[in-house]
Amino acid sequence: EITYDFIHERERINTNLFMALINEFNRKMKSEQKQIFIEVYGDKDFSQRANIITFNIINKGEVINHNMIGTILTDIFGIQIRTGCFCAGPFGIQLLNLSSETVCELEDQVSIGIMKNKPGYCRLDLAFYFKEFEVNYLVKALTSIAENN
């Protein structure tokens, strides 16, 4: 029987596994003195938050374009995620730690059709029906993008 408690527990298990694997990857990259990491935004206490993960991949100090990550995940790995800034503009500005000056510059660019520098992030949902191997596959896809970009 699928109950709310069952769904919540499976989502917690998937989120904890995802975060453990991401943290392990980030520690490995740091120990190898590589400037590559996957930054997960928001409260790190996942017992108090939803199973939705918002993140970016950073390689040598540069954020890998979120739309490119989404395209690679879809076209190469068969994984669909959401990318962009979604409907939470002010929260996104805070989340990405953008200065007022940067926001004004980006607004000017977007107003004339220049979208390449538009900030954003990736978002995925670690649904209750994900199996352990699917979470592992997802993390391997993300770490592959991070290391090979």
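It should be noted that the structure appears before, not after, this text.
Residues numbered from 1 in each chain as written. Predicted model: local features only at pLDDT ≥ 70, side-chain atom pairs only at ≥ 80, totals over all residues. Heavy atoms only, no water.

### Brief notes about the side chain of His66
Consideration 1: Along the chain, the position of His66 falls in helix H2 (residues 66-77).
Consideration 2: What His66 contacts, discounting residues up to four positions off in sequence, is Asn56, Thr83, Gly84, Lys118, Pro119, Gly120, Tyr121 and Cys122. (Helix = DSSP H or I, 4+ residues; strand = E, 2+ residues; numbered from the N terminus. Contact = heavy atoms within 4.5 Å.)

### Overview of the nonpolar core
Consideration 1: Counting residues in each nonpolar core, the largest one holds 32 residues, and the members touching the most others are Phe18, Phe55, Ile57 and Leu73.
Consideration 2: The set of elements that each furnish at least two residues to this core consists of helix H1 (4-31), strand E1 (36-40), strand E2 (52-59), H2, strand E5 (121-125) and helix H5 (132-148).
Consideration 3: Apart from the residues within four sequence positions on either side, Phe55 is in contact with Ile38, Glu39, Val40, Tyr41, Ile81, Tyr121, Cys122, Arg123, Leu124 and Leu142. (Core = buried A, V, L, I, M, F, W, Y, C linked by side-chain atoms within 4.5 Å. Buried < 20%, exposed > 50% of the residue type's maximum accessible area, 1.4 Å probe, protein only.)

### Let's talk about the pattern of salt bridges
Consideration 1: In the structure shown here, the tally under the stated rule is 3 salt bridges.
Consideration 2: The salt bridge involving Arg12 is made with Glu9; its shortest N-O contact spans 2.4 Å. Taken together, the residues span about one helical turn, with Arg12 and Glu9 both in helix H1 at a distance of 3 residues.
Consideration 3: When its relative accessible area of 33% is taken as the criterion, Arg12 is described as partly exposed.
Consideration 4: On the basis of relative accessible area, Glu9 is assigned to the partly exposed category, the value being 33%.
Consideration 5: Overlapping salt bridges, with partners in common, bring together Lys28, Glu32 and Lys34 in one network. (Salt bridge = Lys/Arg side-chain N within 4 Å of Asp/Glu carboxyl O.)

### Some remarks on the side chain of Asn51
Consideration 1: Tracing the chain through its elements places Asn51 in the loop between E1 and E2.
Consideration 2: Looking at Asn51, its side chain comes within polar contact range of the main-chain oxygen of Leu126, at 2.8 Å.
Consideration 3: Not counting the four nearest positions on each side in its chain, Asn51 is found in contact with Glu11, Thr15, Leu124, Asp125, Leu126 and Ala127. (Polar contact = N/O pair within 3.5 Å; in protein donor to acceptor, adjacent residues only side chain to side chain.)

### With respect to the pairing of E2
Consideration 1: By the criterion of burial, E2 is predominantly enclosed, with 7 of the 8 residues buried.
Consideration 2: In this structure, E1 lies alongside E2, joined through 5 bridges in antiparallel fashion. Paired with Ile38 across the two strands is Ile57, which belongs to E2.
Consideration 3: Bridging between E2 and E5 involves 4 bridges; their strand directions are antiparallel. (Pairing = 2+ DSSP bridges.)

### Things to note about H1
Consideration 1: The end-to-end C-alpha separation of H1 is 40 Å, in line with the 40 Å expected for 28 residues at 1.5 Å each.
Consideration 2: Looking only at H1, the buried set comprises Glu11, Asn14, Thr15, Leu17, Phe18, Met19, Leu21, Ile22, Phe25, Asn26 and Met29.
Consideration 3: On its buried face, H1 is in contact with E1, E2, E5 and H5.
Consideration 4: Backbone geometry just downstream of H1 places Gln33 in the positive-phi region, at approximately 55 degrees. (Expected span 1.5 Å × (residues − 1).)

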